[in-house]
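# Structural overview
The chain contents come next:
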Amino acid sequence: MTDKNVIQLDIRGQICPSCLLLTLKELNARGEAVRRGGTEIVVLTDDRQALGTIPGAVDKMGYQTDVSREDGLYRIRICHQK
Amino acid sequence: MHTGPAATVDIAHRHHEAIRYIRAKVDQLLALMGTLPLRAEELDDDTLIELDPIGIVADSFAQVLANLGATNRELLVARDEIRTILDAMGAAVVVLNADFTIDECNRLACEWFLHGTEPATARGQPLASTCVCGAGIERGMLAHGQRDTDFALDGRHFHAVRSELPGAPGKTVFLYFDITRQKQSEAQLRLYAQVFRNTAEGLVITDAEQRILEVNDAFCRILGYRPEELRGQTPRKVRSGLHDDAFYADMWRQIRETDHWQGEIIDRARDGRTVPLLETISAVRDADGAVSHYISLVSDISHLKETQSRLDYLAHHDLLTGLPNRLLFNDRLEHVIERAARDRTLFAVLYIDLDRFKTINDSLGHHIGDQVLIQAALRLRQLVRRSDTVARLGGDEFVLLLEDLAGVEEAAQLADKVIDALRVPFTVNDVALHVGCSVGITVYPEDGRDAVSLLKNADAAMYKVKELGRDGYFKYSEDLSSAVLAKLNLENALRVAVNRQQFALHYQPIVDLDRGRAVAVEALIRWSVPDQGAVAPEQFIPVAEETRLIVPLGRWVARTAIEQFRQWQQAGMALDYVSINVSAAQVFHRDFAADLIAVLDDCRLDGRHLQLELTEQVLMYDIKVCQRVLLQLRARGVRVAIDDFGTGYSSLAYLKQLPIDKLKIDRSFVRDIPGDPNDCAIAAAVIGLARTLDLEAVAEGVETVDQERFLRAVGGRMVQGYRYAPPLEASAFVEFMAARSVGVADSHPSR
């Protein structure tokens, strides 16, 4: 766990489709690193709608996501597909 | 460039149009990405440009496309993998679409059913036009809702299984397995079962612990069991108890070592019978080499055994007496020699020859002779232990094999018993026949170490007994063999002499003391062998009797004597009769009387001029036959004298049944008179007896005047001996007779 490079993207207050665009933008920039496996992006959002849009889009791009809920906000972890 | 209100309006319009276009395209792209359209109130135009959603989405699309490409490549690889796997399968696979076109198929399917088409070519084709069976099987399975079915195609057998593809509605998967070998195995098994049931040989299959799993009908038939009585049992159930443990141990040792045993075995049937079987046992091993089953094949060889043992019996036994024959005897002798050599024990061979048997056989016929042999065999068998062997070597020759002998005396004791037993008359058809026997003994190892010498030497010893007067035994010793050789030579010489008639008759006068002259003549045979000189009658007559040469010899004697007498008679010689000696073999020969009568007729001589001299023994063989023969001759006037009277054991009652004229007193009683009172008493008694029976007595061997005087004193009248004349050649006899008178002493002793 310690050697993983985790990039946190805090987009609380944003609503879709901004949430998605911001996530895609981050992923466009970091895609290479995430696909190599050493890096993952964790998106923190309070927009419930983002839970439908972000994983759907990210899946099509070939990444894996998992979603968890922490203290009223959502945590979407994006990593390379195993 | 123009600037003005119109231009400004135009620019604003275009900007507005561009923004609208960007928002529309962004929304379109976002919809493709699966999210909501951008709302104007959320993102003003300037922020929109600044954010560059098209750029973001375009970059993301690049990633989506790259991901799609990778996914497609993986899918192709996966499809190829699946096809490779399908092709590698040992079964044929066909996936059909709902319209019965081929969706997928593997190589085996193409090879078996699709005329060898490439799978790639076959896909998409209608099955009905591609498949060798026109899709009939598949349509049938679908129509009848069958999950699986078996079918045959071009001599091969297949098992087809149908299944639906849950993820692909309308598609059906068919799997086909080649079950040709299985079907062949099944057919073979059916055939084997048929063979098992119907073969004439008995078959038993057991497991490795010898529990019977299966038996066939033949096995049940042979031993009389029902299959259920045998299943679960071990073959011990049918053991006969006739084989020892070593037999079975040996059998199993061989099965362990070679997986195989074959041999003859005797089992016991359900009803207690023993059944001889030819059995083959084979071990069956499983893939790991461990014995899994035993198969046993049996044939009933009862018939074979019966035939074999019957043949064996015939080959080794004398059918008349049931005794072992020469072949079996030789076998046993060899065996006993081996054992005696190993254990250093003694055993004896007793060679037994019946005396006077040939005479009985010839005169009374074979059926009577056979009865004597049967009874003799029975008597011999009763004399020995079960372990001893009694065999018939042929003719009237028997042999005893006496094992585990304590000493020579034991053999001698048995020989005595044998002689006693065979001396008792044999009764056949109410007639008592006197036989007797001669026994030769050899003892191993001193009289021979091999079968041939032991038998040959026993035979030689037996012949010695014959020479010594029969009715006794003789133990072999080495100097006997030279005697046997001499006898053999004699036999051969005799045969030659009979053929060439190298004999002569000598004539001894029989003197009537009262008349003082010779009144009759006894013809005596003489034989002289070229280069060897004279052979005494005591030596060659027994051989002639034994070899039956006595018959032609006796015939020659009779004819010569009769012819001679007739000649002398015609010459005027005054003689009452000529006396000739006849032996048993002659008298009991069926043509004896007829032959003699023919000679008499031939020579025109009256029967009363011929006298036959027979010994007591001859008469005792068979009184009935003697009586018949002698009466026949008596009818022609022929006289009968008993020779050597007093040496035998004739019963007077017997003598009275016979037409007898004379008793000849044996020279052994005459020799010592008048000095020996016993002999004197005997001579006097015979003369007295003769007178009582109204017979004439003739004393033989008279040599001295004292003998003559004594005989005369006790009433003897007829004499014969050197005192008067020795046996003379014919010419000398004529001279003797020409002298006319004989020097006879005064009837009153002048001492």
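So, a few notes on the structure that sits alongside this text. (Residues numbered from 1 in each chain as written. Chains lettered and ligands numbered in written order. Predicted model: local features only at pLDDT ≥ 70, side-chain atom pairs only at ≥ 80, totals over all residues. Heavy atoms only, no water.)

## Things to note about the side chain of D355 of chain B
Residue and element names in this part refer to chain B. Selection criterion: The helix count covers DSSP runs of H or I at least four residues long, the strand count covers runs of E at least two residues long, and both are numbered beginning at the N terminus. Relative accessible area decides the class of each residue, using a 1.4 Å probe on protein chains only: under 20% of the type maximum gives buried, over 50% gives exposed, and in between gives partly exposed. Polar contacts, as used here, are pairs of N or O atoms within 3.5 Å; protein pairs need one atom able to donate a hydrogen and one able to accept it. Residues neighboring in sequence count only if both atoms are side-chain atoms.
Position of D355 among the secondary structure elements: in the loop between β11 (346-354) and α14 (357-364). D355 sits in the buried class, given a relative accessible area of 0%. A distance of 2.7 Å separates polar atoms of two side chains, one belonging to D355 and the other to S438.

## Overview of the packing of aromatic side chains
Residue and element names in this part refer to chain B. Counted only if it meets this: For Phe, Tyr and Trp, rings pair up if their centres lie within 6.5 Å, where Trp contributes its six-membered ring, and each pair is then called stacked (planes under 30 degrees apart), edge-to-face (over 60) or tilted (otherwise). Any Lys NZ or Arg CZ found within 6 Å of a ring centre and within 35 degrees of that ring's normal is scored as a charge over the ring.
In total, this model carries 20 aromatic pairs over all chains according to the counting rule given. The interplanar angle of 40° and the centroid separation of 5.7 Å between the aromatic rings of F503 and W527 together place this pair among those described as tilted. Remark: W527 occurs in strand β19 (residues 517-529) and F503 occurs in strand β18 (residues 503-512); sequence separation between them is 24 residues. No difference in accessibility class separates F503 from W527, as the two residues are buried. Among the aromatic residues, ring-to-ring pairing joins W112, F113, F151, F158, F174 and Y176 into one connected group. One residue, R139, lies across the ring of F100, its end atom 4.4 Å from the ring centre. Just above the ring of Y248 sits the side chain of R239; from NZ or CZ to the centre is 3.5 Å.

## Details of a nonpolar patch on the surface
What counts here: In this analysis, a patch consists of residues with relative accessible area above 30% that form no salt bridge, clustered at 9 Å for like charges and at 5 Å for the nonpolar side chains Val, Leu, Ile, Met, Phe, Trp and Tyr. Methods summary: accessible areas were calculated by the Shrake-Rupley approach with a probe of 1.4 Å, and residue burial reflects only the protein chains presented. Salt bridge criterion: a side-chain nitrogen from Lys or Arg within 4 Å of a carboxyl oxygen from Asp or Glu.
Judged by side-chain polarity, L189, L191, Y192 and V195 of chain B come together as a nonpolar surface patch covering roughly 420 Å² of accessible area. Mapping V195 of chain B onto the fold places it in helix α8 (residues 180-198).

## Examining the interface of chain B and chain A
In plain terms, the rule: Here, residues are in contact when the closest pair of their heavy atoms is within 4.5 Å. The buried area of a pairing is the accessible area, by a 1.4 Å probe, that goes missing from both parts when the two are put together, added over both.
Each partner contributes to the interface: chain B provides 19 residues, whereas chain A provides 21 residues. Summed over both sides, the interface between chain B and chain A buries roughly 1700 Å², with carbon and sulfur atoms accounting for 61% of that surface. Summed over the three residues of chain B that lose the most area to chain A, namely M33, I56 and Q63 of chain B, the buried surface amounts to 32% of that side. Joining chain B to chain A, the criterion identifies zero salt bridges. Linking chain B with chain A are seven residue pairs in polar contact (both at pLDDT 80 or more). Every element with two or more residues in the side of chain B that touches chain A is listed here: α1 (5-33) and α3 (53-88) of chain B. If you tally residues by element for the side of chain B that touches chain A, the top one is α3 of chain B, at eight residues.

## Comments concerning the packing of helix α22 (residues 592-602) of chain B against helix α24 (residues 623-634) of chain B
All names here are of chain B. Keep this limit in mind: For helices, the fitted axis covers only the stretch in contact; all axes are lines through C-alpha atoms, and the angles between them, taken along N-to-C directions, range from 0 to 180 degrees. Here the angle decides the label: under 35 degrees means roughly parallel, over 145 means roughly antiparallel, 65 to 115 means roughly perpendicular, and every other value means oblique. Handedness of each helix crossing follows the sense of rotation of the near helix against the far helix: counterclockwise by less than a right angle gives left-handed, clockwise gives right-handed. Note on residue classes: Ala, Val, Leu, Ile, Met, Phe, Trp, Tyr, Cys and Pro are nonpolar, Asp, Glu, Lys and Arg are charged, and everything else, Gly too, is polar.
Across the interface, α22 lies against α24 with an axial gap of 9 Å and an inter-helix angle of 15°. Taken together, the axis directions place α22 and α24 in an arrangement best described as roughly parallel. Here α22 runs over α24; the crossing is right-handed. On α24, the residues that touch F592, A593, L596 and I597 of α22 are V629, Q632 and L633. Class assignment for the residues of the contact of α22 with α24 results in six nonpolar, one polar and no charged.

## Notes on a negative patch on the surface
Residues and elements named next belong to chain B. We count it as follows: His is not counted, nor are the chain ends, whereas Lys and Arg count as positive and Asp and Glu as negative. The atoms used to mark charge sites are NZ of Lys, CZ of Arg, CG of Asp and CD of Glu.
Judged by side-chain charge, D331, E334, E338 and D450 come together as a negatively charged surface patch. Among the structural elements, D450 can be located in the loop between β16 (437-444) and α17 (451-467). For D450, a relative accessible area of 36% puts it in the partly exposed group.

## A closer look at α3 of chain B
Rules: Here the expected length of a helix is defined as 1.5 Å per residue gap, with one fewer gap than residues.
Here α3 of chain B is 36 residues long and its end C-alpha atoms lie 52 Å apart, about the 52 Å a rise of 1.5 Å per residue gives. Here α3 of chain B has its buried residues at P53, I56, V57, S60, Q63, V64, N67, R83 and L86 of chain B.

## Examining helix α2 (residues 50-60) of chain A
Those residues of α2 of chain A that sit buried are A50, T53, I54, P55, A57 and V58 of chain A. Following α2 of chain A by one or two positions, G62 of chain A has its phi on the positive side, about 100°.

## Section: the nonpolar core
Residues and elements named next belong to chain B. Note the following rule: For the purposes of this section, nonpolar cores are sets of buried Ala, Val, Leu, Ile, Met, Phe, Trp, Tyr and Cys residues that join through side-chain atoms within 4.5 Å.
By size, the foremost hydrophobic cluster in this structure holds 89 residues, and its most contacted members are F503, L612 and F733. Here this core gets ten residues from one element, more than from any other, and that element is helix α20 (residues 550-570). Excluding its chain neighbours within four sequence positions, the residues that come into contact with F503 are L494, A497, V498, I525, R526, W527, F540, L553 and W556.

## Concerning unusual backbone geometry
Between Y444 of chain B and the following residue, P445 of chain B, the backbone shows a cis peptide bond with an omega angle of 5°. In this structure, P445 of chain B sits in the loop between β16 and α17. Residue I673 of chain B is joined to P674 of chain B through a cis peptide bond whose omega torsion reads 5°. Relative to the helices and strands, P674 of chain B resides in the loop between α26 (667-670) and α27 (677-692). Residues other than glycine seldom take positive phi values, yet D71 of chain A does so here, at roughly 50°. Structurally, D71 of chain A is set in the loop between β3 (63-70) and β4 (73-80). D71 of chain A sits in the exposed class, given a relative accessible area of 82%.

## Structural notes on the pattern of salt bridges
Should the charged atoms of two oppositely charged side chains come close, the side chains can pair. All names here are of chain B. Counted by the stated rule, this structure contains 53 salt bridges over all chains. One salt bridge in this structure joins D178 and R156, with 2.9 Å as the shortest N-O distance. With D178 in strand β5 (residues 172-178) and R156 in strand β4 (residues 156-164), the pair connects residues that are 22 residues apart, well separated along the chain. Looking at D178, the relative accessible area reads 31%, which means it is partly exposed. Assessed through its relative accessible area of 33%, R156 is described here as partly exposed. Residue E228 pairs with R226 through a salt bridge whose shortest N-O separation is 3.2 Å. Residue classification places R226 among the partly exposed positions, given a relative accessible area of 48%. Salt bridges here are not isolated pairs; linked through shared partners, they connect D512, D514, R515, D576, R712 and R717.

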